Structure formats: C-alpha cells, structure tokens
Amino acid sequence: MFVSCIYCVLKRINMTGGFQKLQPATPSFNQKGIAQSLQYGDVYHSTAGALAQTQHVFLAGNGLPERWQGRTHFSICETGFGLGNNFLVTWLSWLRDSDRSQRLHFVSFEAHPFQRDDLARMHEHASPELQPLVQQLLAQWPELLPGIHRLYFENERVTLTLVFGDIEQKAKLLDAQIDAFFLDGFAPRLNPQMWSRRLFGQLVRLSAKGATMASWCSAGQVRRDLRDAGFLIEKIPGFAHKREMIRGVLREKLGRQPNAIPKHVMVIGAGIAGAATAAALVRRGIRVTVVDPVLKSGAGASHLGHKAIAMTPLLSVDDAPRMRLSRAGMLVAARQWQHAEAMDCLPLGTVRVAVDADEDLAGRKAVETLGFPDAWVQYLDVEVMSQHVGGDVAHGGLYFPSAMRVQPDKLIERLLTHPNIGLLPTKVLKLEALETGWCAIVDTDSAEAGVLHADAVVLCVAGELSSLLPDSVHANKAYPYIEEMERLPGQVSYFVASEMAKKPTYIVAGEGYLLPEVEGLCTAGSTYGANGEPAQVTEQGHHEIRETLQRWKTWLASASIQGGWAGYRAALKDHLPLYAGGDQNLGIISGLGSNGFAWSAILAEDLAAAWNNEPRLLERDLSRALGLR
Ligand SMILES: Cc1cc2nc3c(=O)[nH]c(=O)nc-3n(C[C@H](O)[C@H](O)[C@H](O)COP(=O)(O)OP(=O)(O)OC[C@H]3O[C@@H](n4cnc5c(N)ncnc54)[C@H](O)[C@@H]3O)c2cc1C
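Residues numbered from 1 in each chain as written. Predicted model: local features only at pLDDT ≥ 70, side-chain atom pairs only at ≥ 80, totals over all residues. Heavy atoms only, no water.

(A) Region of the structure containing the layout of surface pockets. Approximately 580 Å³ is the volume attributed to the second largest pocket. If you go around the second largest pocket, you meet 37 residues; those closest to its centre are Val43, Tyr44, Asp184, Gly185 and Trp216. Looking at the lining of the second largest pocket, the element that brings in the most residues is helix α1 (residues 50-59), giving four residues. Partitioning the lining of the second largest pocket into residue classes produces 15 nonpolar, 16 polar and six charged. (1 Å grid on protein atoms, 1.4 Å probe; cavity = no way out; pocket = protein on both sides within 12 Å on 5 of 7 lines; lining within 4 Å. Points joined across faces, edges and corners; volume = space filled by probe spheres on them. Helix = DSSP H or I, 4+ residues; strand = E, 2+ residues; numbered from the N terminus. Nonpolar A, V, L, I, M, F, W, Y, C, P; charged D, E, K, R; others polar.)

Set out below in structure tokens:
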C-alpha cells in the first residue's frame, strides 16, 4: 500500500490556530526621512535616533548591560521587531561588553515582517558600527513563513528567535524564560494588540524570576494593565522629546526559576532522532553518550546501505499540525544540517505531480490560501508541470524548491562525529530513575560495565519505546497510543542511473518517488508492509515499486534494479510523533513514521533549547499534542 500524506488533514485536532496569511511590511519613509509603517500609520523609531532610543529606553530601562554580566545566559523579548534596530543595538552592546553573559537570546514578534530586499533598503543608511551586524542579519533573514524562526550569530552565542504572526495569537504559543521585555509596539491607539491585558498576561507567564520591562509608552491604561498583570511600574524621564517612559520589575512571587542544565546526557538510539539530539545537545556544550547496538557497524549504521531519502515539506490548506511540524523541521534542518560543503544534505527541490484531480485542486487551494513564498512552494498547472517533467501529465501539482535529498547514513555519521559525543555499541536493557539522574542497565556482552549513569536521558528508540519506558513514567498511567505504536516495514529500490533514459536532477514524487542519483543509483520508493512483518528487500518489493512508478516509465526505460534498503517506520495511530522535551531529565523522541528526518530536526533542537533554558522552537500547542498519550 502506498500512502500519500501530503494532503493529509487531521480532523481529530483542530490546532491550526486560525491560520492568518502573513502580510509583509511595505518599505516607506515619511517626509523627515524616518522609516514608517503604512500598516499602522506610525514611525518605527524616534526622530531623535533609533540607536540612542534603544540605549536609553530599552537597555538602560532594563538595567542593561549590568544585568547580563556574569550570567550564563540572558533572554530578552521584544514585542515588535520592525527594522530590528533594538536587536542590532542590543547585540552590539553585548559584543562590546567584556563581562557579557555567555549567551544572549533575543525573541521578537512581528506581524508584518519585511522581505529581505526591503529590509536591506531600510538599512541602507545604518550607522557604520551597525552595518556589519545588519549584513549578518540580512544573510540569515528567513523566508516569510508563519511561525518561529531561529537565527544564530557569534558561533551560536547570540540567537534571534523571530515569531512571525499576530502577537496576541503567537505569544500564547511561545515558551521561554525571559529576563527583560522591550515593549516597543506602535502607539496603543494604532496598534492595540501590542498593549492588551491578554498580551501582558502572557508576558508574565513567559517571565523568569526578577524579569524587568521598559517602554517608551507611559499611557495610564498601559501602566495599570501591566500592574494588574504582575509588574511593579514606575515612571522615569523619557527619551528626547518624550517627558516620561516606564520601567517595571516582576513581583517577587512571580516568574520561573531556570532549570539546572544537565552536564552529561545519555541518548538511547542512534537513528536520526538520536543523532540529531546528540548534535543539538553537544553544540550547547553538553557531553553526550549515545547507546545503540547498531553502532558496532559504524556511526551511520541505522541506515547502512540506505542511499537517499527525501525531505519535502507537507502542505494542507488548513496548515494542520503535521504540516506545521514539517515546516518547522525543514527550517531547522536547512540552518543546522545544510552547509555548502555538506553533500549529504542538498536542497535539490521536489516536484510532486498530483495523483488525481482532487489532489491537484487541493494543492492549488492550499498554495492560494496559505500565501507562502515561492521559494517555499509553488503550484504548477498541468501545462507548466508537463514542461517541468517533460511529456504529458494528466494533472498539475506542487513544486517545493527547498526540499532536500539527504544521504541518511552520511548525515547521521556527521551529526554523531564530535569529540564530546561518545558512542557505546550496546543495548539498554532497563532504565531506572535515581534521585538525581538516571541509571541504564546495559547488555554486558558488549559493554565494558553493565551500568551507565547520566544526568538526563533521551529515548530515541522508535518502536521499542514501550519496553524501555521507566516505571516512574508509566506505573500509574496508561498510554494507549504508545502501547499501540506500529512498526511498519518498507523498502526502497535502487535503479541503475546510467541505464535510465532521463535522470532526475530534483526529487520527483506523486505515486511513489524517485530521487537524484547517489553513487550511480537512483533511490525509488517505497513499499509499506503490515505491522509486525519483517523488514526485508524482496523481488516483490522491487516489482511493486516499478509498477508504482509508471508515471516515470519513460525516464526509467529498461533500467535495472540493483538492490535496495529495508527498514521500519514506527508510527502512532494519529500519525503524529511522540515527544517529551519539557521535563528536565527525561526526553522522548519517537514514533516518527515516514517523516523522521524533518521531525527529528525540530524536536531535537527544541529539546536541547528547553534543557538549556533557551526560548523554545516548537509552538506550545504542537508540543502538547505530541506529548505522552
Ligand atoms: C523504506 C523507507 C523509506 C523511508 N523514507 C523516508 C524519507 O524519504 N524521508 C523521511 O523523512 N523518512 C523516511 N523514512 C522514515 C525514517 O526512516 C524514519 O522516520 C526514521 O528513520 C526514524 O528514526 P528514529 O531515529 O526514530 O528510529 P530508528 O532509525 O529506527 O532508530 C532507533 C534506534 O534505536 C535503537 N534501539 C532500540 N532499542 C534500543 C535499546 N534498548 N538500546 C539501545 N538502542 C536501542 C535501534 O537499534 C535503532 O538504531 C523511511 C522509512 C522507510 C522504512
């Protein structure tokens, strides 16, 4: 059975959060040459200068730079990114401070982000001291897709988390522990959602102990609402022509304490979930031991002989959870796994021909409704599609320019290669919670000692999860979805590229898929067996795959098949993965089904962020939906 999941709509959970198309900002300057927003009819910064305003109102107003000095990390949240001046000036001040925190996290919301070229135009006359930072920001500026984007600077010591979308809706979905808030919306009368009681309530939820806030706006209603939410507010002299501004500190009883960051984490399972998790943790300075018997055959052994997989975004008109998760994962993978010199992860693009008229229509509607940038997805009508793929096609379909072809064994090996990642080729038999940390009983045949200790554990064991869940987790509660997790076997086949009439230079999909060649072979897939059947490459599987690829038969011509690869997909019945990352010392990333690569990227990065007290990358409603169930 072949499953086409791109248009899969999950009716069970209505979590699209009322999808809103992103409307980019239009570049504009007023008569005095000050950048202004046409959406809100207000200027982006004071006429007396953006940089001096940031210094006076937001940095000094929050007791910075002094408050970040000597800290391991310091997190700031700004309510409107605009041109990014507050971020740029904060970053510059942090760079110039020799006592700065080890890491600086800056979160900013923006309902109307600029396109990259427009942002560049708005910064054409930025001061020479800011120009180098502006260029780095522009180089990383994301495509305008809704959701959370994480940008990394200064060897990841400075992060910028951009949350694109309406702030009232998006603040509810963010998880972070913020030390200082920059309240910098347009004027309350023009931009009321930036100053609402509901938003202030969310800011208090996001606060770390001792959090502070500052704003140029000293309106009475804003002060009262901030007080009601939990800040002690005072008025102080404002910047330039503004007589007053406000600053505030969170009431003593409120705010979250940072978690203790684990020093040593045991990751059980060396598939893509385990490798992505180990890499995300070790980048943050945490020592990792990865345990898996397959490591006897090398770091990439969980996909030994698997030439290529596809990472293509999922898309549906309602932007359902699977689609949001896939988008978030692709964005993380593009930033973390894709490098100019890394041939194992290439953005070659995917052309997906609709299998019937309904799918064609659904694809067109999704593209129109979501309004995603062309760099992410384009609808190709039947004519354009036939020009694209050559020859007659019955339907149009979708083109995803940033979809990736990945060499799974090589990528996993690369992720696991780090001096602070230890590889232990053995099986974990049992996991026990200690007063602090965990103890794993391992198969003594292959391990030096029978017991392993770590401060924290991440279970990345796919379909074996149920047998390894520690008693402390499932003694008092049943998790039917975990109990019923399926292991669905499947295979891919390798066509000899030199014997094909036409070789794909991008991923082609629709009924089945065909990937650009790796080592002279084009991977084609895939079959789905029934739960419990063995995973093996068979002649019948090859035959099934060739039959499914009828659409591409002129490309395949009489090319022969030279072997294949078989494995399992661990899947839950709601087709969503299983993820527990919030608890300090037990993480779970499992049940990744057919989307293991994109989903591992986002879940691993989110878990590592959570354990390091960083702003999270996964929206809270998604996180909840993926929890133990
Ligand atoms: C034919 C086929 C084609 C596919 N194509 C794609 C594709 O194109 N794109 C895509 O994104 N996904 C694809 N997938 C799905 C993808 O392969 C999976 O989603 C992904 O590999 C799951 O990764 P994982 O790390 O969760 O699990 P696994 O790769 O299964 O790793 C789990 C590891 O845990 C180890 N383990 C289990 N129990 C223990 C224990 N007690 N102690 C120690 N270690 C243990 C196992 O040995 C194993 O190595 C495909 C799958 C198949 C079968």
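(B) The arrangement of the sheet that holds strand β9 (residues 231-237) in detail. Spatial strand order, β5-β6-β4-β3-β7-β8-β10-β9: eight strands in an open sheet with mixed pairing. The sheet is open, and its two borders are formed by β5 (147-153) and β9, each paired with just one other strand. Neighbour to neighbour, the strand axes of the sheet diverge by 20 degrees on average, direction disregarded. Note: strand β3 (residues 73-78) against strand β7 (residues 178-183), three bridges, orientation parallel. Bridge pairing links Ile76 to Ala180 in β7. Sheet contacts for helix α4 (residues 131-140): β5 and β6 (158-164); angle to β5, the most-contacted strand, approximately 135 degrees. (Pairing = 2+ DSSP bridges. Axes fitted to C-alpha atoms, helices over the stretch in contact; angles between N-to-C directions. Contact = heavy atoms within 4.5 Å.)

(C) Structural detail: helix α7 (residues 220-229). Those residues of α7 that fall on the buried side of the exposure criterion are Val222, Arg223, Asp225 and Leu226. For α7, the secondary structure elements touched by its buried residues are β7, α6 (197-205), β8 (207-215), β9 and β10 (244-250). Just beyond α7, the residue with positive phi is Gly230, at close to 140 degrees. (Buried < 20%, exposed > 50% of the residue type's maximum accessible area, 1.4 Å probe, protein only.)

(D) Region of interest: the pattern of salt bridges. Using the criterion set out here, one finds 27 salt bridges in the structure. For Arg283, the salt bridge identified is with Glu156, shortest N-O distance 3.0 Å. Of the two residues, Arg283 is situated in the loop between α8 (272-282) and β12 (287-291) and Glu156 in the loop between β5 and β6; the sequence distance between them amounts to 127 residues. What makes Glu156 buried here is its relative accessible area of 17%. The salt bridge involving Arg616 is made with Asp606; its shortest N-O contact spans 2.8 Å. (Salt bridge = Lys/Arg side-chain N within 4 Å of Asp/Glu carboxyl O.)

(E) Molecular detail of empty space enclosed by the protein. Taken as a whole and judged by the stated rule, the model has two cavities of 30 Å³ or more. Approximately 120 Å³ is the volume attributed to the largest cavity. Sorting the residues of the lining of the largest cavity by element identifies β5 and α9 (321-336) as the ones contributing at least two each. Counting residues per element, the lining of the largest cavity draws most heavily on α9, at four residues.

(F) The packing of aromatic side chains, seen in detail. If you walk through the whole model with that rule in mind, you get twelve aromatic pairs. With centroids separated by 5.2 Å and ring planes inclined at 20 degrees, the aromatic side chains of Phe58 and Phe182 adopt a geometry described as stacked. Of this pair, Phe58 sits in helix α1 while Phe182 sits in strand β7, and the two are 124 residues apart along the sequence. We classify Phe182 as buried; its relative accessible area is 0%. Between the aromatic rings of Phe87 and Phe153, the centroid separation amounts to 5.8 Å while the plane-to-plane angle is 45 degrees, which identifies the pairing as tilted. On the criterion of sequence distance, the pair formed by Phe87 in helix α2 (residues 85-96) and Phe153 in strand β5 is long-range, its members being 66 residues apart. (Phe/Tyr/Trp six-rings, centres within 6.5 Å; stacked < 30°, edge-to-face > 60°.)

(G) Region of interest: the domain arrangement of the protein. When the domains of the protein are assigned, the result is domain 1 (36-250), domain 2 (264-303 + 410-484 + 574-625), domain 3 (350-401) and domain 4 (486-569). Each of domain 1 and domain 3 has a C-alpha centre, and these two points are 39 Å apart. Tallying the contact residues gives four residues for domain 1 and four residues for domain 3. In total, about 340 Å² of surface goes out of reach between domain 1 and domain 3, with carbon and sulfur atoms giving 84% of it. The tally of links from domain 1 across to domain 3 stands at zero salt bridges. Counting the contacts that link domain 1 with domain 3 gives zero residue pairs in polar contact (both at pLDDT 80 or more). Residue composition of the side of domain 1 that touches domain 3, grouped by class: three nonpolar, no polar and one charged. (Domains from an automatic or database assignment. Buried area = accessible area lost by both parts, 1.4 Å probe. Polar contact = N/O pair within 3.5 Å; in protein donor to acceptor, adjacent residues only side chain to side chain.)

(H) The arrangement of the pairing of strand β23 (residues 456-459) in detail. Here β23 shows a buried face lined by Ala456 and Val458 and a second buried face lined by Val457 and Leu459. Pairing of strand β11 (residues 264-268) with β23, which is carried by four bridges, proceeds in the parallel orientation. When the sheet's bridge partners are listed, Val267 is paired in β23 with Val458. Of the strand pairs in this sheet, β23 and strand β30 (residues 586-590) are connected by three bridges, and their pairing is parallel. Counterpart to Val457 in the pairing with β30 is Leu586.

(I) View of the state of the cysteines. Summed over all chains, the structure comprises zero disulfides. Looking at Cys460, it has no disulfide partner, and the nearest cysteine sulfur is the one in Cys345, 18 Å off. (Disulfide = S-S within 2.5 Å.)

(J) Seen up close, the confidence of the model for the protein. This prediction gives the protein a mean pLDDT of 92; 95% of its residues lie at or above 70. This stretch, residues 1-17, has a pLDDT under 50; its non-local contacts, to residues over four places away or in other chains, come to 47 contacts. (pLDDT = per-residue confidence, 0-100.)

(K) Representation of the site of the ligand within the structure. Residues in contact with the ligand amount to 35 residues; listed here are only the nearest, Ala273, Asp292, Ala310, Val428 and Gly593. A distance of 3.0 Å separates an oxygen atom of the ligand from a polar backbone atom of Ala273. With respect to the ligand, the backbone of Ala310 contributes an N or O atom lying 2.9 Å from a nitrogen atom. Contact with the protein chains hides 89% of the accessible area of the ligand, taken as 1000 Å² for the molecule alone. (Near = heavy atom within 4 Å. Areas by Shrake-Rupley, 256 points an atom, 1.4 Å probe, with all protein chains shown as cover.)

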